[in-house]
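# Examination of the molecular architecture
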Amino acid sequence: MNVYLSLIWSYLKIGLFGFGGGYAMLSLIEREIVGPGWVSSQTFTDIVAISQMTPGPIGINSATYIGYAVPAEAGLSGWWWGVLGSLTCTLVVVLPSFLLVAYASHFITRHKESAVIKGIFSGLRPVVIGLIASAALLLMNGENFGTDISDIIKSTCLSAGAFTAVYFFKLHPILVIVFAGAAGYLLY
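Overview of the structure. (Residues numbered from 1 in each chain as written. Predicted model: local features only at pLDDT ≥ 70, side-chain atom pairs only at ≥ 80, totals over all residues. Heavy atoms only, no water.)

### Concerning the nonpolar core
The biggest cluster of nonpolar side chains holds 24 residues, and the ones touching the most others in it are Tyr11, Ile33, Phe44 and Ile66. Sorting elements by how many residues they give to this core places helix 1 (residues 2-17) first, with five residues. Other than its neighbours up to four places away in sequence, isoleucine 66 contacts Leu7, Tyr11, Ile33, Trp38, Val39, Ile47 and Pro71. (Core = buried A, V, L, I, M, F, W, Y, C linked by side-chain atoms within 4.5 Å. Buried < 20%, exposed > 50% of the residue type's maximum accessible area, 1.4 Å probe, protein only. Helix = DSSP H or I, 4+ residues; strand = E, 2+ residues; numbered from the N terminus. Contact = heavy atoms within 4.5 Å.)

### Brief notes about helix 1
Here helix 1 spans 23 Å end to end across 16 residues, near enough to the 22 Å set by a 1.5 Å rise per residue. Among all positions of helix 1, only Val3, Tyr4, Leu7, Ser10, Tyr11, Ile14 and Gly15 are buried. Projected onto a plane normal to the axis of helix 1, the buried residues spread over an arc of 135 degrees and lie on a single side. For helix 1, the exposed residues set more than 90 degrees away from the buried face come down to Asn2, Leu5, Trp9 and Phe17. In this fold, the buried residues of helix 1 make contact with helix 2 (26-34), helix 4 (58-73) and helix 5 (79-110). (Expected span 1.5 Å × (residues − 1). Arc of directions from axis to C-beta.)

### Here's the deal with the packing of helix 3 (residues 41-53) against helix 4
Interaxial distance between helix 3 and helix 4 falls to 9 Å at its minimum, and their mutual angle equals 125 degrees. Classified by the angle their axes make, helix 3 and helix 4 are oblique. As for how helix 3 packs across helix 4, the hand of that crossing is right-handed. Between helix 3 and helix 4, the contacting residues are Thr43, Ile47, Val48, Ser51 and Gln52 on the first element and Ile58, Asn61, Ser62, Tyr65 and Ile66 on the second. Tallied by class, the residues present in the contact of helix 3 with helix 4 amount to five nonpolar, five polar and no charged. (Axes fitted to C-alpha atoms, helices over the stretch in contact; angles between N-to-C directions. Parallel < 35°, antiparallel > 145°, perpendicular 65-115°, else oblique. Left-handed = near helix turned anticlockwise from the far one by under 90°. Nonpolar A, V, L, I, M, F, W, Y, C, P; charged D, E, K, R; others polar.)

### Describing the layout of surface pockets
Estimates place the volume of the largest pocket at around 1400 Å³. For the largest pocket, the lining is made up of 27 residues, of which Ala49, Gln52, Leu139, Asn144 and Ser159 are closest to its centre. Elements supplying a minimum of two residues to the lining of the largest pocket: helix 3, helix 6 (115-138), helix 7 (142-145), helix 8 (149-167) and helix 9 (173-187). Broken down by element, the lining of the largest pocket gets its largest block of residues, seven residues, from helix 3. (1 Å grid on protein atoms, 1.4 Å probe; cavity = no way out; pocket = protein on both sides within 12 Å on 5 of 7 lines; lining within 4 Å. Points joined across faces, edges and corners; volume = space filled by probe spheres on them.)

### Some thoughts on the packing of aromatic side chains
Evaluated as defined, the whole model comprises six aromatic pairs. Both rings, one in tyrosine 4 and one in tryptophan 81, keep their centres 6.1 Å apart while their planes meet at 35 degrees; by these two values the pair is tilted. Note that tyrosine 4 is positioned in helix 1 and tryptophan 81 in helix 5, a separation of 77 residues in sequence. A residue is classified by how much of its surface remains accessible, and tyrosine 4, at 7% relative accessible area, is buried. An aromatic cluster is present here, built from Phe163, Tyr167 and Phe168 joined pairwise through their rings. (Phe/Tyr/Trp six-rings, centres within 6.5 Å; stacked < 30°, edge-to-face > 60°.)

### Regarding a nonpolar patch on the surface
A contiguous nonpolar surface patch, about 590 Å² in accessible area, is contributed by Tyr68, Trp79, Trp80, Val83 and Leu87. If one sorts the elements of the nonpolar patch by residue count, helix 5 sits on top with four residues. As for its placement among the helices and strands, leucine 87 is situated in helix 5. (Patch = residues over 30% accessible without salt bridge, like charges linked within 9 Å, V, L, I, M, F, W, Y side chains within 5 Å. Areas by Shrake-Rupley, 256 points an atom, 1.4 Å probe, with all protein chains shown as cover. Salt bridge = Lys/Arg side-chain N within 4 Å of Asp/Glu carboxyl O.)

### Notes on the packing of helix 2 against helix 3
The interhelical angle for the contact between helix 2 and helix 3, taken along N-to-C directions, is 140 degrees, at an axis separation of 11 Å. In terms of axis orientation, helix 2 runs oblique to helix 3. Between helix 2 and helix 3 lies a crossing of right-handed hand. On helix 3, the residues that touch Leu26, Ile29, Glu30, Ile33 and Val34 of helix 2 are Ser41, Phe44, Ile47 and Val48. Looking at side-chain class alone, the contact of helix 2 with helix 3 contains seven nonpolar, one polar and one charged residues.

Read these as geometric descriptors, not functional statements.
Encoded structure:
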């Protein structure tokens, strides 16, 4: 049962301090689930990839997966321990945001023209951009880009091509994903 308390504590921190969406809180999620050794860095990279292919935010998807996998690794046999872990972690990661948004929306609506509220949002915007950039750098590792120089060059070209296609040519992201998958299949 100690594993559940550890999971609750980790996902409570993620839920309370994860501002700016999934990519912005990616480094916090990584520290909380890779740090204690619940998953490897490679598995974390896989969780990020799978979370992007499934509906829902990465924080919730990782909570569901880790909540299911960790009790089994802690010696609790039976699928119900995993389901209990998934439900617990998912609820814990969502609850702080839900409560904060419920309170903050009422407060912000009443004081939206306040200089303090405008200042807070002006300060948060660059921080969120920095956190998203940090997440991008966090994912630029050997598991994603390879360790051989030719793999690094191919991966960098694919990343730059995908960015260019979406940002400059306004291609639909799903189309870019399909093209990237086909290019990855042909190159690797």
